[in-house]
Amino acid sequence: MTVNLEVADGVGTIRLDRPPMNALDIATQDRLRELAEEVTGRDDVRAVVVWGGEKVFAAGADIKEMQAMDHAAMVVRSKGLQDAFTAVARIPKPVVAAITGYALGGGCELALCADFRIAADNAKLGQPEILLGLIPGAGGTQRLARLVGPSKAKDLIFTGRQVKADEALALGLVDRVVPAAEVHEQAHAWAARLASGPALALRAAKECVDAGLETDIDTGLAVERTWFAGLFATEDRAIGMRSFVEEGPGKAKFR
């Protein structure tokens, strides 16, 4: 398989494994969608790490495969491409991308689907599709602009330039830069910390933020209000409040 899933301590690691550069061909895209749907439905997976290995996250799409496709073929395939990435973005659990080496084109777009991005100090990110006479097609024009703002997104998309980890951090494209040898360890620690949290509240928080970004503030507040009130029906809410009153903050053990 070009993408594999490993589960330990409540954390599911979706591991790209298509040497040497983890090029995202059609089979890899479809496998990503399958595993995103699997971790969505598994109760033993409470947080997710997306990881490409020690050397490279993903250097982009399989250009040779795309070169052989004409307009009609891509009209058919483009929705499958977007659906694969959207499936990752819609995992209703905390997702962190562990980025080593290159995250370019589709690799950068995959990282954009995560809630949090930890990058190696040797990482390079970018959307170089313009250099092929194309634009990003797996969500890059949409998720990148929402993350870093339209002007910065247009700079990266219009020029196709690659940015090193320090600039990516300054742009807000990644959230933390660490030594390359520590990327997976820190990503797993972030995910494991949240895996022990209140699953429904984390799901609610993610849905409220993501849905709110897609709509007006009044509708977003209505989504938040509905989830906020609904969480009062959960056992985790009772555990959390009882623990706060009896033991102080941060000591609750959620079920």
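The structure under discussion appears in the preceding block.
What you see is a predicted model, and the numbers here were worked out from it, not measured in a lab.

**Considering the environment of T226**
Then step 1. Here T226 is to be found in helix α10 (residues 217-230).
Then step 2. Taking the relative accessible area as the measure of exposure, T226 reaches 58% and is therefore exposed.
Then step 3. For the pair T226 and A204, spaced 22 residues apart in the sequence, the C-alpha separation amounts to 9.6 Å.
Then step 4. From its side chain, T226 meets the backbone oxygen of A222 in a polar contact 2.9 Å long.

**Description of the sheet that holds strand β7 (residues 124-126)**
Then step 1. The mixed open sheet is built from three strands, whose spatial order is β5-β7-β8. The open sheet has two edge strands, β5 (102-104) and β8 (162-164), and neither has a second partner. Looking at each pair of strands side by side, their axes are set apart by 20° on average, direction ignored.
Then step 2. Across three bridges, the pairing between β7 and β8 is antiparallel.

**Concerning the layout of surface pockets**
If a probe as big as a water molecule is rolled over the atoms, it shows which places are left empty.
Then step 1. If you add up the space inside the largest pocket, you get close to 1000 Å³.
Then step 2. Around the largest pocket, the lining is made up of 35 residues, and of these A89, C113, R143, D210 and E214 lie nearest the centre.
Then step 3. Elements with a minimum of two residues in the lining of the largest pocket: α3 (71-89), α5 (140-148), α8 (183-195) and α9 (199-213).
Then step 4. Grouping the constituent residues of the lining of the largest pocket by class yields 17 nonpolar, seven polar and 11 charged.
Then step 5. Roughly 540 Å³ of volume is contained in the second largest pocket.
Then step 6. A61, M66, E129, L134 and G137 are the residues nearest the centre of the second largest pocket, which is lined by 30 residues in total.

Thresholds, definitions, all that
Residues numbered from 1 in each chain as written. Predicted model: local features only at pLDDT ≥ 70, side-chain atom pairs only at ≥ 80, totals over all residues. Heavy atoms only, no water. Helix = DSSP H or I, 4+ residues; strand = E, 2+ residues; numbered from the N terminus. Buried < 20%, exposed > 50% of the residue type's maximum accessible area, 1.4 Å probe, protein only. Polar contact = N/O pair within 3.5 Å; in protein donor to acceptor, adjacent residues only side chain to side chain. Pairing = 2+ DSSP bridges. Axes fitted to C-alpha atoms, helices over the stretch in contact; angles between N-to-C directions. 1 Å grid on protein atoms, 1.4 Å probe; cavity = no way out; pocket = protein on both sides within 12 Å on 5 of 7 lines; lining within 4 Å. Points joined across faces, edges and corners; volume = space filled by probe spheres on them. Nonpolar A, V, L, I, M, F, W, Y, C, P; charged D, E, K, R; others polar.

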